[in-house]
Each structure stands twice: as C-alpha cells, then as structure tokens.
Amino acid sequence: MKPLDRILEAAKAAPRHIVLAEGEDPRVVEAALRAVRAGIAAITLVGNRKTVEERLAAAGAGTEEIRIEDPASSALTPRLVAAYHALRRSKGVDEAAAAAAVRTPLVFAAMMVREDEADGTVGGAVATTADTVRAALQTIGRAPGVGLVSSFFLMMLCASHHVKKGAFVFADCGLVVDPDAAGLADIAVSSARSFEALAGKPAKVAMLSFSTAGSAAHERVSKVVEATRLAQETAPGLVIDGELQFDTAFVEAVSAAKAPRSALNGEANVFVFPNLDAANIGYKIAQRIGGATAIGPILQGLAKPANDLSRGCNADDVFHMIAVTVVQAGSSP
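None of the values given here were measured: they were computed from a predicted structure.

Here we come to the pairing of strand S4 (residues 120-123). Put simply, side chains in a regular strand alternate between the two faces of the sheet. Both faces of S4 are covered, namely the face carrying Gly120 and Val122 and the face carrying Thr121 and Gly123. Examined bridge by bridge, strand S1 (residues 16-20) and S4 share 3 bridges and lie parallel to one another. Residue valine 19 lies in a different strand from S4, and its bridge partner there is threonine 121.

Quick look at the structure:
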C-alpha cells in the first residue's frame, strides 16, 4: 500500500472532527466535501455563513453535509471569547481585543479545538504561515513535555524513477530558523513520533550535517553531535545517528563505506536538518528535481493538531492535510 493510501485508510478507520478556518475558499470547500464523502472526517467550515453556503451550493452540496460556523453570529462565539480572554489576559488582552480576535477565522477555529469543539484544525490556504502558526501557538499551545513546536514535510517517494519508495520525514523545513542543540534534539524526537504515527512503522532518524562521523571539525558539526546525544537521552529506544551526510544516511553502500558502525545502515526515514536554510532548500530540491510529493508544513509539538497549508495549494493538498490532521488527532495523548 502506498504511504498516502495508508494515511487515508487510517483516517477512514478512525475519523475525527476537523475545523477548516478558511471555509469561504473554493479549494477548501471542495476538499471538505471530499473528506466527508470519503468518510475520513466530519468537517466544520468557518466563514461568513452566506458566502460559505454559496460556495457549497456551487459545489452541488448543502449544509446537511457540512457544518458552518460564522464567528460573527455563532452560538459558540461568547464562550470562545470568554475562554480566549481568560487565556490571554495576562498578555494584556482585554475583553474587546479578545472579542475581535475570536471573530477572526484562524483564532475561532483554533479556539474550537482548544475547547474540544473539534479535534484539529487546518488553515493557511489564504492566511500566511506566520498568522496560522501564531493562532495555533497562542490558543492551543504546546503539548506537555515538549520544549519546542516545530514542523516537518512528509515526503512521498512513489514514482517509478525513485530507487527507494515510501514515506520520509524532512524536518524542520518551515518554522524553526536556527535551533540550538536542545531544540534540534526536540525536533528529532518529535519527528520520529510523527513519522511512526503517520507511516505506521519504526522511525530511523538521521541527524544531518556536512560531516559524517567526525570527518570535519566545526561548531556546526558539534551542535549536531550534541543534539544526537540529547535525543538519545530523551528517547533511549530511538534508532538515531549523527552527524551524517545525507548520502550516508540514505544509501546503504555509502553508509558501509563512510560509517560502517552506523545503526542506520543507510536506511534512515526521518531526516533532521541542522537549520531552516538547509531543510527548506532540501525539501524543495527533492520535490522539484527529485519528483517527491511534499505534504506540509505539518506542525508537531502542539497540544492538539493544527496544520498549515501553502497559499498555492490545491484541493488535493487540502484533502491530504485533512487526512494527516485526522491521523494526528487519533494519535494524540
């Protein structure tokens, strides 16, 4: 079974309620209807009720399939405003500011998740990544025991020209610019757990560098070595190695030549890059030159799932992110 098919099957086996913050967007409406009709999720669309109803009608659907919540008139709004005010009062947010914030779709959707009105949320088809992530961080917050909220891309290698096929995680490609060793260790452990939840098999984590097993001496290399040690302390059962160059982590023959003692043996499926520059460039090379399918950025380390989309996404991208969010919701503590 292809990795994406496995995620869709897992979502269908345990559907969850997902709230989509940008319910007025036709791509989001199309994906929402597909998700409901495929049986992977119950969906709430957030937006102006009249506009969302028009979008649904244009897609040949009615409100019996999809729940609509308009922050300007929703029965949920007063309770969500009160909860948001209590949450953010210490940050200087008064009642008027809380009311204004909750009437924005991103915050309304995130507060629905926080208040157990939904299991996860997806945004970013219209809003920027900064706004989408900020709403999630300020409302849903970090999961217990997590030091850093980060992101990853799920990279699907399924084309005929791919020598290795399957699902791989690249992290952090979209959020943390230059993590220190502790932050990098957090990203590694979170990414391993994310991979196992989505791919259904054990993670094998490579901590990437321009050096392999001491072939170069530099403070940037030392950071990766220290991060590997910290990740091993945090998750002693995790299969992880570093510092490694990408080819050593990915190609068995190269691993045998460059790092014969590596626990990965060139079979890594989770790749943790040393900074956002390397990770963002790396996933886009894999996508645009290598032909990998990239799903993300997917957020990890939040108390409940909230995910971001690219503003250039299509309905397929939204549909797949709904499925990922359902699986994340099912694996949350």
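Still more to cover.
Let us look at the sheet that holds strand S2 (residues 41-46). Strand order in this open sheet of 5 strands is S3-S2-S1-S4-S11, and the pairing throughout is parallel. Taken across any chain shown, the strands that pair with only one partner, and hence form the sheet edges, are strand S3 (67-69) and strand S11 (306-308). Here the average twist between neighbouring strands, direction ignored, is 25°. As paired elements, S2 and S3 share 3 bridges and run parallel to each other. By the bridge assignment for S3, valine 46 is matched with glutamate 69. Across the face of the sheet, helix H13 (residues 315-331) comes into contact with S1, S2, S4 and S11 while running at roughly 130° to S1.

Another point: the packing of helix H6 (residues 105-114) against helix H7 (residues 129-139). Relative to each other, H6 and H7 sit at 35°, their axes nearing to 9 Å. Note that H6 runs across H7; the crossing there is right-handed. Facing H6, whose interface residues are Leu106, Val107, Ala110, Met111 and Arg114, H7 presents Asp131, Thr132, Ala135 and Thr139.

Next up on the list: the nonpolar core. Ranked by internal contacts, the top residues of the largest apolar core, which has 63 residues, are Ile43, Leu45, Leu154, Val205 and Ile322. With 10 residues, the top contributor of residues to this core is helix H8 (residues 181-199). Look past the residues within four positions of isoleucine 43 in its chain and what remains in contact with it is His17, Ile18, Leu20, Ala32, Ala35, Val36, Ile66, Arg67 and Ile322. Tyr84, Met111, Val133 and Ile140 belong to the second largest nonpolar core, which has 31 residues in total.

Turning to its location among the elements, asparagine 275 is positioned in the loop between strand S9 (270-272) and helix H12 (276-288). Here aspartate 277 takes part through its backbone nitrogen, which lies 3.2 Å from a polar atom of the side chain of asparagine 275. Once you skip the residues sitting within four places of it in the chain, asparagine 275 turns out to touch Asp172, Val177, Asp178, Pro179 and Arg220.

Conventions used here
- Residues numbered from 1 in each chain as written.
- Predicted model: local features only at pLDDT ≥ 70, side-chain atom pairs only at ≥ 80, totals over all residues.
- Heavy atoms only, no water.
- Buried < 20%, exposed > 50% of the residue type's maximum accessible area, 1.4 Å probe, protein only.
- Helix = DSSP H or I, 4+ residues; strand = E, 2+ residues; numbered from the N terminus.
- Pairing = 2+ DSSP bridges.
- Axes fitted to C-alpha atoms, helices over the stretch in contact; angles between N-to-C directions.
- Contact = heavy atoms within 4.5 Å.
- Left-handed = near helix turned anticlockwise from the far one by under 90°.
- Core = buried A, V, L, I, M, F, W, Y, C linked by side-chain atoms within 4.5 Å.
- Polar contact = N/O pair within 3.5 Å; in protein donor to acceptor, adjacent residues only side chain to side chain.

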